[in-house]
Amino acid sequence: MAEEGKVGESDADSRLKDATESEDSAEDDSSEGSAAQRPQDLRSVLVTSVLNLEQLDIDLYRGTHHWVPRTQRLFGGQIIGQALVAAAKSVGDNLYAHSIHCYFVRAGDPKVPVLYQVDRTRDGRSFTVRSVKAIQHGQAILICQASFQVLQPSPLQHQLPMPVVPQPEDLLTVEELIHRYLSKPDLTESAKQGLNKLLATEVPVEMKPISPAHFHRHAPGEARRLFWARARGHIGEGDMKLHCCVAAYVSDFALLGTVLLPYSKYKARFTASLDHAMWFHSTFRSDEWMLYECDSPWAGSSRGLAQGRLWRRDGVLAASCSQEGVLRVKAVSENSKL
Ligand SMILES: CCC(=O)SCCNC(=O)CCNC(=O)[C@H](O)C(C)(C)COP(=O)(O)OP(=O)(O)OC[C@H]1O[C@@H](n2cnc3c(N)ncnc32)[C@H](O)[C@@H]1OP(=O)(O)O
């Protein structure tokens, strides 16, 4: 199951790989406006397909795959998002998702669908807990606890300040960065092929790196990177639980790769997320630009911890998450060109 790849490259990092040498700003990008006014004015595939589970029985659902990473293991974000959808189906409209805690216990097989079995662990006056098991080939691939709460006011309210960064309108998308990179004269044929392959596979999330160099790993850097992200297509005001499911999907993009940013002298031999926890703090729209701030406070023992914060454009902290992953690396030889 060993997986060769560049340092800094988790499953979902492949989208951002090598796309990003230039730190130039975008010339112009249509302003966000309302999601409905955007050019890709279609319903998001995340809501029409990925997170649209088929009900098989009471508390039993089936999910299909959309984007499968090059590793041919299921994308963790998809499994978490679908597990949260399944959990949310058994709670009332007055309840809001506030946290999920998940373990990825086996690699997901992209050749077969995933079953989601929900256990109604507890219904309380304020909090309601669901346990979800994601199953393939009769075995658990993910175990997840999801907790929901009735909205409650509180005089205790604080949050960190949002980082000051350029606005998404002033930045290039990953696809635009790839196009720029493709026009470089010294690019090898195999690099070109790889980049064209990336362009051909559309992920359901749009991303705009704040410092494209953070996604380009020729030199060691701080274990921190930021990018704007939003679901492709229109979701609408809709159900807050659905936006949480989409955010859970989005949150697994490029998070674990943050651990590897200081280690350009090593090549990832195998990386996989072990667990993922997420806390939802405020209402937000996952089809509008949100700043994803990722950093890694620790690595050791072939593992690394990554933390993420999703910010609304208006500075409100929408969600926080933490993920630990297994990261097995090997040294890059001196003459190898990453
Ligand atoms: C963005 C990131 C993502 O979305 S990643 C996708 C979501 N996460 C996942 O799919 C992870 C799912 N979980 C798992 O696959 C398992 O729990 C993992 C993490 C592999 C558990 O590891 P482990 O207990 O070592 O499993 P295993 O014995 O089946 O071995 C798996 C492969 O790793 C190898 N391995 C094991 N230990 C070592 C070691 N110390 N040094 C080197 N290699 C080691 C095993 O030999 C095995 O390799 P292979 O599959 O036989 O090639």
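One can find the structure itself at the top, above this paragraph.
Residues numbered from 1 in each chain as written. Predicted model: local features only at pLDDT ≥ 70, side-chain atom pairs only at ≥ 80, totals over all residues. Heavy atoms only, no water.

> Sorry, what's going on with the overall build of the protein here?
Regarding its fold elements, the protein presents 5 helices and 12 strands. When each of the 338 residues of the protein is scored for burial, the buried share is 54%. Within the protein, residue pairs in contact and separated by at least 24 positions form 76% of the contacts whose partners lie at least 6 positions apart. Summed over all atoms, the accessible surface of the protein reaches about 15,400 Å², with 50% contributed by carbon and sulfur. (Helix = DSSP H or I, 4+ residues; strand = E, 2+ residues; numbered from the N terminus. Buried < 20%, exposed > 50% of the residue type's maximum accessible area, 1.4 Å probe, protein only. Contact = heavy atoms within 4.5 Å. Areas by Shrake-Rupley, 256 points an atom, 1.4 Å probe, with all protein chains shown as cover.)

> How should the nonpolar core be read in this particular structure?
The nonpolar side chains of a soluble globular protein tend to be buried, and buried together. Counting 74 residues, the largest nonpolar core has Leu84, Ile100, Tyr116, Leu142, Phe148, Met278 and Phe280 as the members making the most contacts within it. The contact partners of Leu142, leaving out residues within four places of it in the chain, are Ile79, Ala83, Cys102, Tyr103, Phe104, Val105, Val132, Lys133 and Ala134. In this structure, Ile210, Leu226, Trp228 and Trp289 belong to the second largest nonpolar core, which totals 10 residues. (Core = buried A, V, L, I, M, F, W, Y, C linked by side-chain atoms within 4.5 Å.)

> Just to check I follow, could you spell out the pattern of salt bridges for this structure?
Where charged atoms of side chains with opposite charge meet at close range, the side chains can pair. Across all of its chains, the model carries 14 salt bridges by this definition. Its salt-bridge partner being Glu293, residue Arg309 comes within 3.0 Å of it at the nearest N-O pair. One end of the pair, Arg309, is in strand S11 (residues 303-312); the other, Glu293, is in strand S10 (residues 290-300), and 16 residues separate them in sequence. Accessibility classification places Arg309 together with Glu293 in one group, the buried group. A salt bridge links Arg312 to Asp314; the nearest nitrogen and oxygen atoms lie 2.8 Å apart. (Salt bridge = Lys/Arg side-chain N within 4 Å of Asp/Glu carboxyl O.)

> Can you walk me through the packing of helix H2 (residues 76-88) against helix H5 (residues 240-251) in this structure?
Axes are the key here: two packed helices are described by the angle between their axes and the distance separating the axes. The N-to-C vectors of H2 and H5 enclose an angle of 160°; their axes lie 7 Å apart at closest approach. Taken together, the axes of H2 and H5 are roughly antiparallel relative to one another. The two elements H2 and H5 meet at a crossing, and its hand is right-handed. Mapping the contact onto sequence places Gly77, Gln78, Ile80, Gly81, Leu84, Val85 and Ala88 in H2 and Lys241, Cys244, Cys245, Ala248 and Tyr249 in H5. Its residues assigned to classes, the contact of H2 with H5 shows 8 nonpolar, 3 polar and 1 charged. (Axes fitted to C-alpha atoms, helices over the stretch in contact; angles between N-to-C directions. Parallel < 35°, antiparallel > 145°, perpendicular 65-115°, else oblique. Left-handed = near helix turned anticlockwise from the far one by under 90°. Nonpolar A, V, L, I, M, F, W, Y, C, P; charged D, E, K, R; others polar.)

> In this structure, what is going on with the environment of Thr188? I would like to understand it.
With respect to the secondary-structure elements, Thr188 resides in the loop between helix H3 (174-182) and helix H4 (189-200). The class for Thr188 is partly exposed, based on a relative accessible area of 42%. In the structure, Thr188 is positioned 43 residues away from Gln145 in sequence and 46 Å away in space, judged by C-alpha atoms. Separated by 3.1 Å, the side chain of Thr188 and the backbone nitrogen of Ala191 make a polar contact. (Polar contact = N/O pair within 3.5 Å; in protein donor to acceptor, adjacent residues only side chain to side chain.)

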